[in-house]
Amino acid sequence: MTVLVVFASFLLAANMHVDAESSVPGASIVLQNAAEKGMTMPAIGIGTGGYGAPAETWNDGVAMKAVSTWIKLGGRRIDTAWDYYDQTGIGQAVYAAIDTGSIKRDDLFIVSKTHLLSGYNDTLSQLEDSLKQLQVEYVDLFLVHSKTIMPNSTDPKCQPGDPNLESACVKSTWKAMKEIFQRGRKGGARAIGVSNFEVEQLEYLLDDSILPSLNQVEYQPYWHEEDLVEFCRNHNITFNGYAPLGAPDFGPWRRKWNCSLLELPLIKRIAMTHNKTPAQVLLRWNWQQGIPVNPRSEQEEHMKENLAAILDKTFHLTDSEMHALSNISPKPKCPKVCSACTPNT
């Protein structure tokens, strides 16, 4: 399916608006289904996956510095997870910003996730761990991190032996997620959703009275699943793209990954046309499809550029540019950044 969209015509279809009354600056998107009524999410956040990676160059200190800078620049959405190993550093940055009076808790939009598909009890305990590490009473959005079942889950429905193992584990995990949603701001989450779910896993939940508010999936010109995006929108599930730049700083140490989008001649040419950076072109390509993003960055200058890519109302890619970015050919044989998240074939 070819992606050809014009930003202005997509506002209502994607439930986007600029919330002038909110302390969260700039463009935002309305969350539906399992979300507080009228709840909005900033269109751009900071991704922190890998900041706390053991034995690597990132750690809690890096996470604290990056998130502190992000908040100082006006960034309000912070995306983390139980297994990013950086929530302690992020919590320190959040606490310091609130403690100094530079920001209120309600101004921030904090996203965390489980460790894989964890089952009932483990999901609840991981949320509690996350709240302690982040030093907050609630998160704004809590996600089931993956369709991959956690190997040591204590949930019998997530252990080998059941011929319907994946379906049973998804439903048991979602039962815990609904309890977290019911707690809301009192030790829970204002909204719940999933991450790295394909249509098959989402269909397990269609007979539930409460559907996910959001599905966070890798989305960039080498990997864009329009059928999944359409399925989500048909069920009022916000589609959120991660690794919108192809995670150039993250992939190389995880595996051999020689697919730098930022060096692609097509993207460089479009960037020169608009006097923007290649990264800004990629972020804008997402947003003009109504897809909120959370690029990772440690550098203040890059954070400024990322914010500007979404918030600059004068920056629009043309239909032909959008088409070209959506139909890069030939595509290199690149794995997903999340190797366990490749669609079932």
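Fair warning: this is a prediction, and the values are worked out from it, not measured in the lab. Each residue is numbered by its place in its chain's sequence as written, counting from 1. Local features in a predicted model are, by the rule used here, given only for residues with pLDDT of at least 70; side-chain atom pairs are given and counted only at 80 or more, and totals for whole chains, interfaces and linings are based on all residues. Processing note: side-chain calculations cover all non-hydrogen atoms of the structure and skip hydrogens and water entirely.

Peer 1: Would you take a moment to explain the overall build of the chain for this structure?
Peer 2: Helix and strand content of the chain: 12 helices and 10 strands. Counting every position in the chain, which comprises 345 residues, the buried fraction comes to 58%. Put simply, of all contacts in the chain between residues at least 6 apart along the chain, 75% involve residues at least 24 apart. For the chain, the exposed surface amounts to about 14,600 Å²; the carbon and sulfur share of it is 53%. Secondary structure elements are taken from DSSP: a helix is a run of H or I of four residues or more, a strand is a run of E of two residues or more, and numbering for both begins at the N terminus. Under the scheme applied here, a residue whose accessible area is under 20% of the maximum for its type counts as buried, over 50% as exposed, and between as partly exposed, the area being computed with a 1.4 Å probe on protein chains only. Throughout, a residue-residue contact means that at least one pair of heavy atoms, one from each residue, lies within 4.5 Å. In short, Shrake-Rupley with a 1.4 Å probe defines the accessible areas, and a residue's cover is counted only from the protein chains shown.

Peer 1: Quick question: what am I supposed to make of the environment of E263 here?
Peer 2: Secondary-structure assignment places E263 in the loop between α8 (251–254) and α9 (265–274). Residues E263 and P278 lie 15 residues apart in sequence; the distance between their C-alpha atoms is 7.9 Å. Among the polar contacts listed, one links the side chain of E263 to the side chain of K268, at a separation of 2.9 Å. Any N or O atom pair separated by 3.5 Å or less is treated as a polar contact, with the protein-specific requirement of one donor-capable and one acceptor-capable atom, and with residues adjacent in sequence counted only for side-chain atom pairs.

Peer 1: Would you take a moment to explain the sheet that holds strand β5 (residues 77–79) for this structure?
Peer 2: Hydrogen bonds along the backbone pair up the strands of a sheet, which may run parallel or antiparallel. By this definition, two strands are paired if DSSP reports at least two bridges between them. The strand order across the open sheet built from 7 strands is β4-β5-β6-β7-β8-β9-β10, with neighbouring strands paired in parallel fashion. Of all the strands in the sheet, just β4 (45–47) and β10 (238–242) have a single pairing partner and so form its edges. With direction set aside, neighbouring strand axes in the sheet form an average angle of 25°. Here 3 bridges tie strand β7 (residues 141–144) to strand β8 (residues 192–195), and the two strands are oriented parallel to one another. Counterpart to V144 in the pairing with β8 is V194. Axis lines are fitted to C-alpha atoms, over the contacting stretch for helices. Their N-to-C directions set the angle, which ranges from 0 to 180 degrees. Against the sheet, helix α5 (residues 165–183) touches β7 and β8, its axis set at about 140° to β8.

Peer 1: Where do I start with the pattern of salt bridges in this structure?
Peer 2: Pairing between side chains becomes possible if they bear opposite charge and their charged atoms approach one another. Each reported salt bridge corresponds to a side-chain nitrogen of Lys or Arg within 4 Å of a carboxyl oxygen of Asp or Glu. A full pass over the atoms with the stated rule returns 11 salt bridges. Residue E36 pairs with R185 through a salt bridge whose shortest N-O separation is 3.1 Å. Within this pair, whereas E36 is found in the loop between β2 (27–30) and β3 (40–42), its partner R185 is found in the loop between α5 and β8, the two being separated by 149 residues in sequence. Looking at E36, the relative accessible area reads 25%, which means it is partly exposed.

Peer 1: What exactly am I supposed to notice about the side chain of S118 here?
Peer 2: With respect to the element layout, S118 can be found in the loop between β6 (109–113) and α4 (120–134). Of the residues examined, S118 reaches a relative accessible area of 0% and is grouped as buried. Separated by 2.4 Å, the side chain of S118 and the backbone oxygen of H115 make a polar contact. Contacts of S118, omitting those with residues within four sequence positions, involve T123, Q126, M150, S153, C158 and T173.

Peer 1: I'm lost on the state of the cysteines in this one. Help?
Peer 2: What is meant by a disulfide is a covalent connection between two cysteines, made through their sulfur atoms. Cysteine sulfur pairs qualify as disulfides if the two atoms are within 2.5 Å. Taken as a whole and assessed by the stated rule, the structure comprises 1 disulfide. C158 shares a disulfide with C169; S-S distance 2.1 Å. Here C158 and C169 share a disulfide; its torsion about the S-S bond, 95°, makes the bridge right-handed. Pair noted here: C158 is in the loop between β7 and α5 and C169 is in helix α5, with a separation of 11 residues, a long-range link.

Peer 1: Would you take a moment to explain unusual backbone geometry for this structure?
Peer 2: Glycine aside, residues mostly have negative phi angles, and peptide bonds mostly take the trans form. If you check the backbone angles, L116 has positive phi at about 55° while not being a glycine. Tracing the backbone through its elements, the reader meets L116 in the loop between β6 and α4. Despite not being glycine, Q135 shows a phi value in the positive range, around 60°.

Peer 1: Hey, could you run me through the packing of aromatic side chains in this one?
Peer 2: Aromatic ring pairs are described here by two measures, namely the spacing of the ring centres and the angle between the planes. Note on ring pairs: Phe, Tyr and Trp rings are taken, using the six-membered ring of Trp, and paired if centres are within 6.5 Å. Classes follow the plane angle, with under 30 degrees stacked, over 60 edge-to-face and the rest tilted. Considering all chains together, one arrives at 2 aromatic pairs under this definition. Seen from their ring centres, Y219 and F239 are 5.4 Å apart, and the 75° between their planes marks the pair as edge-to-face. Remark: F239 occurs in strand β10 and Y219 occurs in the loop between β9 (214–218) and α7 (226–234); sequence separation between them is 20 residues. Side by side, Y219 and F239 carry an identical accessibility label, which is buried. Following the ring pairs from residue to residue traces out a cluster consisting of Y219, F239 and W285. Across the ring face of Y120, the terminal group of K175 is positioned such that the distance to the ring centre comes to 5.6 Å. Here, a charge over a ring means that NZ of Lys or CZ of Arg falls within 6 Å of the ring centre while also lying within 35 degrees of the ring normal. A cation sits over an aromatic face here: K276 above F315, 5.2 Å from the ring centre.

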